[in-house]
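What follows is each chain in one-letter form.
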Amino acid sequence: MSKDQKGKVENEVMDSIVSLCKRRGFIFQGSEIYGGLAGTWDYGPLGVALKNNIKKIWWKRFVDDREDMYGVDAAILMNQRTWEASGHVGGFADPLVECKKCQHRFRADQLEADASGNPTKKCPDCSGALGEVRQFNMMFKTHVGAAEDATAVSYLRPETAQGMFVNFKNVLDTFHPSLPFGLAQIGKAFRNEIAPRDFIFRSREFEQMEIEYFVKPAEWSKAFSHFQEQVHGFISDIGLNASKVHELEVPDGERAHYSKRTIDFEFDFPFGKKELYGLAYRTDFDLKQHAEYSKVDLSYFDEENKERFVPHCIEPSFGLDRTVLAVLTDAYTEDSMGSEVGDENEKEKRVFLKLSPAVAPFKVAVFPLLKNKPALVTKAREVFGTLKTEFAKAGLQGVTFDDNGNIGKRYRRQDEIGTPFCVTVDFDTIEKGTGVTVRDRDYGKQERIAEADLVKWLVEKVK
Ligand code: ATP
């Protein structure tokens, strides 16, 4: 397949995913009724459910299941000195270039080179001449309080990391943990990206799940390897195809100023291999900077060896929206199996999200075969109630009731939103007591399961 053809197919896949997300209530354009706001996206009911499932899995692995991790939820607005200390005021910038003719703006490092391999001087939109490259700071600046002078300046945080460094001492003083220990946080981050693109891959408002893990200086390498494994563990928890994840050792000269070692975890998105997560060894850079700027001592006293030092830090950083996109693009499947109850047209192509039950917004949908037969509806409601209660007891959510449209439409809808199992109450259920049918999303196969076995059968599959 030529590069052009490949590009086209990839865009078609992305177009199909974006349209599915909108049609089924996963993700909408931000401020859509006003024509949108570039680089912002709103999550609808199913998008929130998917995102929450991912967050819960992350929090469980990295906080709840461990004894050395402390959760925080720091304010998005922080004292401006934070961003001077971290280096963001001086250096959090991308190279910006503007077309002199159409005034469109681009990130200079994302433009394709010209035929001789030099940076292009032509606008990709109108072929006009591009101006000089200048550095553009990506932080959103704002003013806190009524005064709009320099002392009131603050920024919407461009990363959650700094909220943890400034709370290092608070956690140390209240919980007295011994090294190694970490702080973990999930929250919004904001970057005024020059060219937001690729749906939720690069947006101006997004969520991060980050850890700052503090260690003795000599132990950084051990902790780095540990989190390298943990990243893959999390990728497996959410059911992402491991063969689409690639590690990139970021070479000297290309790492952020604070990092002595960085691995980017890249993912095969339909638009190319791109960064999904990062893992960095940040040395003692951040704590030292904050100690210097705040004049507060951020050192640690090691009781065992009776020595005082500034801990070093390992940072695994996960983009939540990029995780959602990776999960959606990985799960998006078209097959020619057709809907077993659809009409001829429907049989041509079936679209479904092959989501892992762990992240799927709904694990099980319960239907009455026909919605105008009260006996079927009553029985289906009863099965639905039982499943909901029993799932809750097993620590699970995501049981839904669906009687909209005919059963073929319901299967199609549940396929498209990635529901792994559909339970149908039919006439045999109520007249012969032979149980319900359970349809498997991936194979379209139906099995009859006795009512008494249903909960156990489903809980086992879903867990
Ligand atoms: P990129 O090179 O793609 O701009 P980055 O290296 O600047 O990313 P980091 O600063 O390491 O990204 O941020 C940590 C994580 O936050 C990234 O791995 C990514 O998952 C996520 N992230 C960063 N920028 C964005 C964005 N604009 N939109 C969505 N997620 C983002």
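Relevant structure appears above.
Procedures and definitions
Residues numbered from 1 in each chain as written. Predicted model: local features only at pLDDT ≥ 70, side-chain atom pairs only at ≥ 80, totals over all residues. Heavy atoms only, no water. Buried < 20%, exposed > 50% of the residue type's maximum accessible area, 1.4 Å probe, protein only. Helix = DSSP H or I, 4+ residues; strand = E, 2+ residues; numbered from the N terminus. Pairing = 2+ DSSP bridges. Axes fitted to C-alpha atoms, helices over the stretch in contact; angles between N-to-C directions. Left-handed = near helix turned anticlockwise from the far one by under 90°. Contact = heavy atoms within 4.5 Å. Nonpolar A, V, L, I, M, F, W, Y, C, P; charged D, E, K, R; others polar. Expected span 1.5 Å × (residues − 1). Near = heavy atom within 4 Å. Polar contact = N/O pair within 3.5 Å; in protein donor to acceptor, adjacent residues only side chain to side chain. Areas by Shrake-Rupley, 256 points an atom, 1.4 Å probe, with all protein chains shown as cover.

> Please set out the pairing of strand 11 (residues 205–215) residue by residue, giving values where relevant.
Within strand 11, 10 of the 11 residues are buried, which leaves it mostly tucked inside the rest of the structure. When strand 10 (residues 181–190) meets strand 11, the two strands line up antiparallel, connected through 10 bridges. Bridge pairing in strand 11 places alanine 184 opposite isoleucine 211. In this structure, strand 11 lies alongside strand 17 (residues 312–319), joined through six bridges in antiparallel fashion. From the neighbouring strand, tyrosine 213 faces strand 17, where its bridge partner is isoleucine 314.

> Help me get a handle on the packing of helix 2 (residues 45–64) against helix 7 (residues 220–237), residues and values and all.
Between two packed helices, the angle of one axis relative to the other and the distance separating the axes together describe the packing. For the pair helix 2 and helix 7, interaxial distance at closest approach is 10 Å and the crossing angle is 145°. Considering how the two elements wind past one another, helix 2 and helix 7 form a crossing that is right-handed. Across the interface between the two elements, Ile54, Ile57, Trp58, Arg61 and Phe62 from helix 2 touch Phe227, Gln230, Gly233, Phe234 and Asp237 from helix 7. Among the residues forming the contact of helix 2 with helix 7, the class breakdown is six nonpolar, two polar and two charged.

> Give me helix 9 (residues 320–331): which residues, what numbers.
Between its terminal C-alpha atoms helix 9 stretches 16 Å, which fits the 16 Å expected from 12 residues at 1.5 Å a residue. Within helix 9, the full set of buried residues consists of Leu320, Asp321, Arg322, Thr323, Val324, Leu325, Ala326, Val327, Leu328, Thr329, Asp330 and Ala331.

> Residue-level account of the side chain of threonine 400, with values.
For threonine 400, the position within the fold is in strand 21 (residues 399–401). Apart from the residues within four sequence positions on either side, threonine 400 is in contact with Phe362, Val364, Ala365, Val366, Phe384 and Gln414.

> So what's going on with the site of the ligand? Which residues, and what values?
In the vicinity of the ligand, 13 residues are found, and the nearest of them are Glu193, Arg202, Ser203, Glu275 and Leu276. A distance of 2.8 Å separates a nitrogen atom of the ligand from a polar side-chain atom of glutamate 193. Here an oxygen atom of the ligand sits 3.1 Å away from a polar atom, N or O, in the side chain of arginine 322. For the ligand, whose accessible area on its own is 590 Å², the fraction buried by protein is 81%. Breaking the shell around the ligand down by element, the ones donating at least two residues are strand 11, strand 14 (272–283) and strand 17. A total of three residues in the shell around the ligand trace back to one element, the largest contributor, which is strand 14. Of the residues assigned to the shell around the ligand, the class counts are four nonpolar, four polar and five charged.

In short, geometric facts, not functional conclusions.
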